[in-house]
Amino acid sequence: MTDEGAGGGNSPPLVVLEGITKRFPGVVANDDVTLELRRGEVHALIGENGAGKSTLMRVLYGIYPSDSGRILVRGELVKIASPRDAIAVGIGMVHQHFVLVDPFTVTENVILGEEGGARLDVDDANRRVADLAEQYGFRVDPARPVEDLSVGEEQRVEILKALYRGVEILILDEPTAVLTPQETRDLFDNLRKLREAGRTIVFISHKLDEVLEIADRITVLRRGRVVGETRPADTTKAKLAEMMVGRPVLFRLEKPDVTIGGPVLRVTDLRGEGKLNGISLEVRSGEILGVAGVEGNGQRELAETLIGLRRPLSGTIEVDGRDIAGRNVGDIRHVGVSYIPEDRHEQGLVLSMTLWENAVLGRQNDPQFEAGPGVLLIRKIKALAARLVKLFDVRARSIDVKASSLSGGNQQKLVLARELEVDPKLLIAAQPTRGLDVGAIEFVWKEILDQKAAGRAVLLISAELDEIYALADRIVTLYEGRITGEFAPDAPPEQIGVGMLGGEKQPVAS
Ligand SMILES: Nc1ncnc2c1ncn2[C@@H]1O[C@H](COP(=O)(O)OP(=O)(O)O)[C@@H](O)[C@H]1O
Ligand SMILES: [Mg+2]
């Protein structure tokens, strides 16, 4: 690639956002932000949760009007009042949550909304989508219904949809948050091809290794303001993290030296509908057992069965020697099991409720908080909420705001606060840092290590191998609902990778 291709040179910027300010009630999401996008660059936009990345790009994509500032595309002042306007000037955006239509095929989704799209010749349309996919190396079958696709494939369809409309600038809002390591590599191959073809990509992420790998330039936002612009060659992960958070961030935490005790959780030949095909495992007190695996191999089913959200078909689940298989969530929590669900929006919090209501979720029938059936002791609950918010540094204006108004990191802190406050014997943590930025990840990791230090048993289910390495004392791999290997905490990733792909059970030194 030439310097000009990488956006150096004298060519005028393709897009200029100039002095963009966008306020929401009580918050300045973007504060006088100026940003230039050049032709043929991957421009990473990074920052902590709530820094204003999505808002800035939604302004560019015409979803929000800005309060002040202007946008120039190809040197000309433009008014972008809707996504339709954005697409008309060549700007497309793929959101964090996809908006595909399930029973329709890939092709139908790609051309949906195009004039005459639905009436097109099917073979011809499939061929055109296949050609487009081929051009940039997207692996996807045009004739397949979208409901059969993996998350990674759905994302490809969303990108193809934008490309089909001829966009030159493609905004990807945290595209890798939902992908496996392999899917991320595939996406990066696609992005490199797009860049070679002269497209411009805005890559929003807070995974710094990825940003350093794929970006040509990096802009860092903090609290709505641009705090710096740099290039991968001129910076490091530690420098970027410090720019994002405003303080130095540790990437390796000390694992506390704890004597591992007797078994707290013992699962024997657990089977369930869907994806549990005979799982046996044990977690001891003071131990973090890491369950590694590509998502969709039974992780969700395992966690939900252990906490009582799903009924097992057979097998036993013992906590402290008591069989809890098939009991309900309330009973299982009562035995001393806490749960950080992988989807804090579906299971961790009720977003439309206040922080104080969320703080007592799952314990609302505890006599501590309930005077009689349905009669909540609001004052006690609010006192609990205030304590949790303070202890876990949940940044919110008050405990009366809705959970939906918090950033992802602060939502997760609230879940953690509630789940850890009860001093569980066993903590089940499922993808506990998904979608969080480095500052919040560090916080969550520290809390999990503190649980170990306090002698609790932790079952850590994570698709991030980095996270497993950072925390686990022992690692097992999950593949198609079975445990396919057991590894020491320092086993090489290639070995663990074999287990993640179903490889033979490794012999363990005992
Ligand atoms: N639709 C909205 N209404 C009110 N506040 C919002 C809205 N969208 C974002 N915000 C607030 O604006 C700030 C920036 O959010 P956002 O752009 O989503 O950050 P990021 O994408 O960097 O995590 C946050 O404080 C967030 O709570
Ligand atoms: Mg965002």
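Residues numbered from 1 in each chain as written. Chains lettered and ligands numbered in written order. Predicted model: local features only at pLDDT ≥ 70, side-chain atom pairs only at ≥ 80, totals over all residues. Heavy atoms only, no water.

Here we come to helix α1 (residues 53-60). Within α1, 7 of the 8 residues are buried, which leaves the element mostly enclosed by the surrounding structure. Within the sequence span of α1, burial applies to K53, S54, T55, L56, M57, V59 and L60. Positive phi appears at G62, one or two residues downstream of α1, with a value of about 80 degrees. (Buried < 20%, exposed > 50% of the residue type's maximum accessible area, 1.4 Å probe, protein only. Helix = DSSP H or I, 4+ residues; strand = E, 2+ residues; numbered from the N terminus.)

Strand order in the open sheet made by the 4 strands is β12-β11-β14-β15, with antiparallel pairing throughout. Of all the strands in the sheet, just β12 (276-284) and β15 (322-323) have a single pairing partner and so form its edges. Relative to β15, strand β14 (residues 314-319) runs antiparallel, the two being bridged by 2 bridges. Paired with V319 across the two strands is R322, which belongs to β15. (Pairing = 2+ DSSP bridges.)

In this section: the domain arrangement of the chain. A common way to state how big an interface is: give the accessible area lost once the parts meet. Each assigned domain of the chain is listed here: domain 1 (15-245) and domain 2 (263-500). Relative placement of domain 1 and domain 2: their C-alpha centres are 32 Å apart. Taken together, the 15 residues of domain 1 in the interface contact 17 residues of domain 2. The largest share of the area that domain 1 buries against domain 2 comes from N49, T180 and H206, three residues that together contribute 39% of it. Scanning the region where domain 1 abuts domain 2 turns up 1 salt bridge. A salt bridge links E464 to K207; its shortest N-O distance comes to 3.1 Å. The interface formed by domain 1 and domain 2 contains 1 residue pair in polar contact (both at pLDDT 80 or more). Elements represented by at least two residues in the side of domain 1 that touches domain 2 include exactly α7 (208-214) and α8 (237-245). A total of 3 residues in the side of domain 1 that touches domain 2 trace back to one element, the largest contributor, which is α8. Residues that form the side of domain 1 that touches domain 2 fall into these classes: 7 nonpolar, 4 polar and 4 charged. (Domains from an automatic or database assignment. Contact = heavy atoms within 4.5 Å. Buried area = accessible area lost by both parts, 1.4 Å probe. Salt bridge = Lys/Arg side-chain N within 4 Å of Asp/Glu carboxyl O. Polar contact = N/O pair within 3.5 Å; in protein donor to acceptor, adjacent residues only side chain to side chain. Nonpolar A, V, L, I, M, F, W, Y, C, P; charged D, E, K, R; others polar.)

Moving on to the site of ligand 1. In the vicinity of ligand 1 there are 13 residues, among which G50, G52, K53, S54 and T55 approach most closely. Take K53: an N or O atom from its side chain is 2.8 Å from an oxygen atom of ligand 1. At a separation of 3.2 Å, a nitrogen atom of ligand 1 approaches a polar side-chain atom of Y64. Against a free-state accessible area of 550 Å², the protein chains account for coverage of 69% of ligand 1. Of all the elements in the fold, those that place two or more residues in the shell around ligand 1 are β2 (27-37) and α1. At 3 residues, the largest contribution of residues to the shell around ligand 1 is made by α1. Of the residues that constitute the shell around ligand 1, the class distribution is 5 nonpolar, 6 polar and 2 charged. (Near = heavy atom within 4 Å. Areas by Shrake-Rupley, 256 points an atom, 1.4 Å probe, with all protein chains shown as cover.)

Turning our attention to the pairing of strand β21 (residues 474-479). Two faces make up the sheet, and in a regular strand the side chains alternate between them. Counting buried positions along β21 gives 5 out of 6 residues, so the element sits mostly inside the fold. Both strand β13 (residues 288-292) and β21 contribute to a ladder of 4 bridges, which runs parallel. Note that in β21 the partner of A292 across the bridge is T477. Here β21 pairs with strand β22 (residues 482-487) via 5 bridges, running antiparallel. Each bridged residue has a counterpart across the sheet, and for V476 the counterpart in β22 is E486.

Looking now at unusual backbone geometry. At D269, a position not held by glycine, the phi torsion is positive, near 45 degrees. Of note in this structure, D423 is not a glycine but carries a positive phi near 55 degrees. Among the secondary structure elements, D423 is positioned in the loop between α14 (408-420) and β19 (426-430).

Right, let's talk about the pattern of salt bridges for a bit. Throughout the structure, instances matching the rule amount to 37 salt bridges. Where R70 meets E18, a salt bridge forms, and the shortest distance between an N and an O atom there is 2.8 Å. With R70 in strand β4 (residues 68-73) and E18 in strand β1 (residues 15-24), this pair connects stretches of sequence that are 52 residues apart. Overall, R70 belongs to the partly exposed group, its relative accessible area being 40%.

Looking at where I201 falls in the secondary structure, it is placed in strand β8 (residues 200-205). Sequence-wise, I201 and L313 are 112 residues apart; in three dimensions their C-alpha atoms are separated by 47 Å. With near-sequence residues (within four places) excluded, I201 lies in contact with E41, V42, H43, L170, L172, L191, L194 and R195.

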